[in-house]
Amino acid sequence: MKFIWALLLSVTVVTAVVPGAAAGQFRKPVYYKTNDNVWGIVSADFNQDGIRDLAFAEFFSGQVGIMLGKGNGAFEPPSYFTVPGALQLAVGDFNGDHKLDLAVVEYGGTGHSALGIFLGDGQGNFKNSATYELGIESNSLAVADFNGDGHLDVAVTNRFGYGRNGKDGSVLVFFGKGDGTLRKPDLYELGGQPYGIAIGDLNGDHHPDLAITQDTGRSVAIFMNSGHGKFTPTVTYKVHEGADYVAIADLDHNGTLDLAVSDDGGVDVLLGNGDGTFGNATLHSTWPLGQVPVEIAIADFNGDGNPDLAVVLSNGYPGVFYGNGDGTFWPVMQIKSILYSGYALTAGDFNEDGKPDLAVGALSRGIGVLIDAE
């Protein structure tokens, strides 16, 4: 798996000095012990108390953990349910009962992966509703109502084939029935080993489109939605190295959505034109810290009104690019150290002070929660 070799890198760390950035942006991390390494993490209110909770995937132990938030930045110890090969998660109400559910990619390595739908009871407990076969080395998923029927759907990337006639890679789009089950997926073949996926209305037609990274293709592909859940691949944009994850937000305050792509050299930013096309990638390197970025979280961490980029670095330190509000960013800055943080992070207001905080998968120490100190 690609994420394992990245965590084995070991080089000297050099901290960048960033003018205007707050060195003490986050308080000292608080750690919560988990049963195993955390590979995916999401934040949402699973027990309907108005407070953000955490759900996380433990690949090697084959479990998903739930940590209920207390509202002051602290969390209850995790409870678990079994999900073999749990790798990545997404949140949504898949059966229309107004209680949040989970979609989980169950990584199958060189065999077929699976997609599990787990229905929540509104108290932080989950039960499997259905499981669906995916392709080989499925990595990422995203949730939206793609066909406008009021039911949530799921899109998943497969780095390699799907089914008997599967080729290099593909994207599967499952349409929800509204009862916690999914229909047979639509298959879109895509070369270059599809990896990360993100959803946004990229051309302003009020239909969710897809941005999909291609690892060996060193690119990000744009799939435009017809409005009925059918997608057309339109343009592919080169990034500087092997592409991992992609996040979507308006990074330059012009009302159109932009892309941030983590690759083996840093974070590439592609500014959107509002019509589903993008400018060339601008690389914001993480090599001042000597490491490769993995997942990305976008939020205004320093309260200046501009979106910033938080990343997990392969040496186990989170880093942040502070934004200027015009789509450019200060050099990467190391934030509070989490040893062997690894692969996963998510942003959320965990202490209800109106400021975004971070939860990071710390491989040897569980989950580290960093509360915004400003």
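Since we're looking at a predicted model, the values are computed, not measured.

Teacher, can you tell me more about the pairing of strand β4 (residues 63-67) here?
Look at any regular strand and the pattern is simple: side chains alternate between the two faces of the sheet. Most of β4 is tucked away: five of the five residues are buried. Of the two faces of β4, the one carrying Gln-63, Gly-65 and Met-67 and the one carrying Val-64 and Ile-66 are both buried. Judged from the five bridges that link them, strand β3 (residues 53-58) and β4 form a sheet pairing that is antiparallel. Paired with Ala-55 across the bridge in β4 is Ile-66. Of the pairings in the sheet, the one linking β4 to strand β5 (residues 79-82) comprises four bridges and is antiparallel in character. Its bridge partner lying in β5, Gly-65 is registered against Tyr-80.

What should I look at first to understand the sheet that holds strand β13 (residues 186-189) in this one?
Backbone-to-backbone hydrogen bonds pair the strands of a sheet. The strands run either parallel or antiparallel. Taken in spatial order, the four strands make up an open sheet running β10-β11-β12-β13, and their pairing is antiparallel. Because the sheet does not close on itself, it has two edges, and the strands there are β10 (138-144) and β13. Put simply, the sheet's adjacent strands are angled 20 degrees from each other on average, direction ignored. Of the strand pairs in this sheet, strand β11 (residues 153-158) and strand β12 (residues 170-174) are connected by five bridges, and their pairing is antiparallel. Across the sheet, Thr-157 pairs through a bridge with Val-171, a residue of β12.

Sorry if this is basic, but what is going on with unusual backbone geometry here?
Leave glycine aside and you will find that most residues have negative phi; peptide bonds, for their part, are mostly trans. In this structure, His-98 takes a positive phi of about 65 degrees despite not being glycine. With respect to the helices, strands and loops of the structure, His-98 is situated in the loop between β6 (86-92) and β7 (101-106). Phi at His-253 takes a positive value of approximately 60 degrees, unusual for a residue other than glycine. Relative to the assigned elements, His-253 resides in the loop between β18 (243-249) and β19 (258-263). For His-253, a relative accessible area of 46% gives the class partly exposed.

Just to check I follow, could you spell out the pairing of β6 for this structure?
In terms of burial, β6 is a largely internal element, six of the seven residues being buried. In the sheet, β6 pairs with β7 via six bridges, with the strands oriented antiparallel. The residue bridging Ala-86 from the neighbouring strand is Glu-106, located in β7.

Looking at this structure, how should I read the pattern of salt bridges?
Here the idea is simple: oppositely charged side chains can pair when their charged atoms come close. Per the counting criterion, the structure on display carries four salt bridges. A salt bridge links Asp-186 to Lys-230, with the shortest nitrogen-to-oxygen separation between them at 2.9 Å. Separated by 44 residues along the polypeptide, Asp-186 in strand β13 and Lys-230 in the loop between β16 (219-225) and β17 (231-238) bring together distant segments of the chain. Judged by its relative accessible area of 45%, Lys-230 is partly exposed. Residue Arg-218 is joined to Glu-241 by a salt bridge in which the shortest nitrogen-to-oxygen separation is 3.8 Å. With Arg-218 in the loop between β15 (209-214) and β16 and Glu-241 in the loop between β17 and β18, the pair connects residues that are 23 residues apart, well separated along the chain.

Quick question: what am I supposed to make of the sheet that holds β4 here?
Pairing is antiparallel in the open sheet, where four strands are placed in the order β2-β3-β4-β5. Only two strands of the sheet have a single partner each, and these edge strands are β2 (40-44) and β5. Between one strand and the next, the sheet's axes are offset by a mean angle of 20 degrees, whatever the strand orientation.

Looking at this structure, how should I read the packing of aromatic side chains?
Two aromatic rings are characterised by how far apart their centres lie and by the angle between their planes. In total, this model carries 18 aromatic pairs according to the counting rule given. Measuring from centroid to centroid gives 5.9 Å for Phe-56 and Tyr-80, while their planes differ by 90 degrees, and the two rings are edge-to-face. On the criterion of sequence distance, the pair formed by Phe-56 in strand β3 and Tyr-80 in strand β5 is long-range, its members being 24 residues apart. Residue classification places Phe-56 among the buried positions, given a relative accessible area of 0%. Each ring, one from Phe-59 and one from Phe-60, has its centre 4.8 Å from the other, and the planes form 70 degrees; the classification is edge-to-face. The buried category is assigned to Phe-59, whose relative accessible area is 14%. An aromatic cluster of at least three residues, connected via ring pairs, comprises Trp-39, Phe-59, Phe-60, Tyr-107, Tyr-195, Tyr-245 and Tyr-343.

When you look at the side chain of Gln-88 in this model, what are you seeing that I'm missing?
Looking at where Gln-88 falls in the secondary structure, it is placed in strand β6. Under the relative-accessibility criterion, Gln-88 is labelled buried at 8%. One polar contact links Gln-88 to Glu-295, side chain to side chain, over a distance of 3.4 Å.

About the cut-offs
The numbers attached to residues start from 1 for each chain and follow its sequence in the written order. For this predicted model, a pLDDT threshold of at least 70 governs which residues receive local features, and a threshold of 80 or more governs which side-chain atom pairs are given and counted, while totals over whole chains, interfaces and linings are taken from all residues. Side-chain figures throughout are based on the complete set of non-hydrogen atoms in the structure, without hydrogens or water. Residue exposure (1.4 Å probe, protein chains only): buried if accessible area is under 20% of the type maximum, exposed if over 50%, otherwise partly exposed. Segments assigned H or I by DSSP are reported as helices when at least four residues long, segments assigned E as strands when at least two residues long, and all are numbered from the N terminus. Two strands qualify as a pair provided DSSP detects at least 2 bridges between them. Whenever a helix is involved, its axis is fitted only over the stretch in contact; in every case the axis is a line through C-alpha atoms, and angles between N-to-C directions fall within 0 to 180 degrees. When a carboxyl oxygen of Asp or Glu is within 4 Å of a side-chain nitrogen of Lys or Arg, the pair counts as a salt bridge. For this analysis, a ring pair means two rings from Phe, Tyr or Trp (six-membered ring only for Trp) whose centres lie within 6.5 Å, classed as stacked if their planes differ by under 30 degrees, edge-to-face if by over 60, and tilted for the remaining angles. Within 3.5 Å is the distance limit for a polar contact, defined as a pair of N or O atoms, with the added protein rule that one can donate a hydrogen and the other accept it, and that residues adjacent in sequence qualify only through two side-chain atoms.

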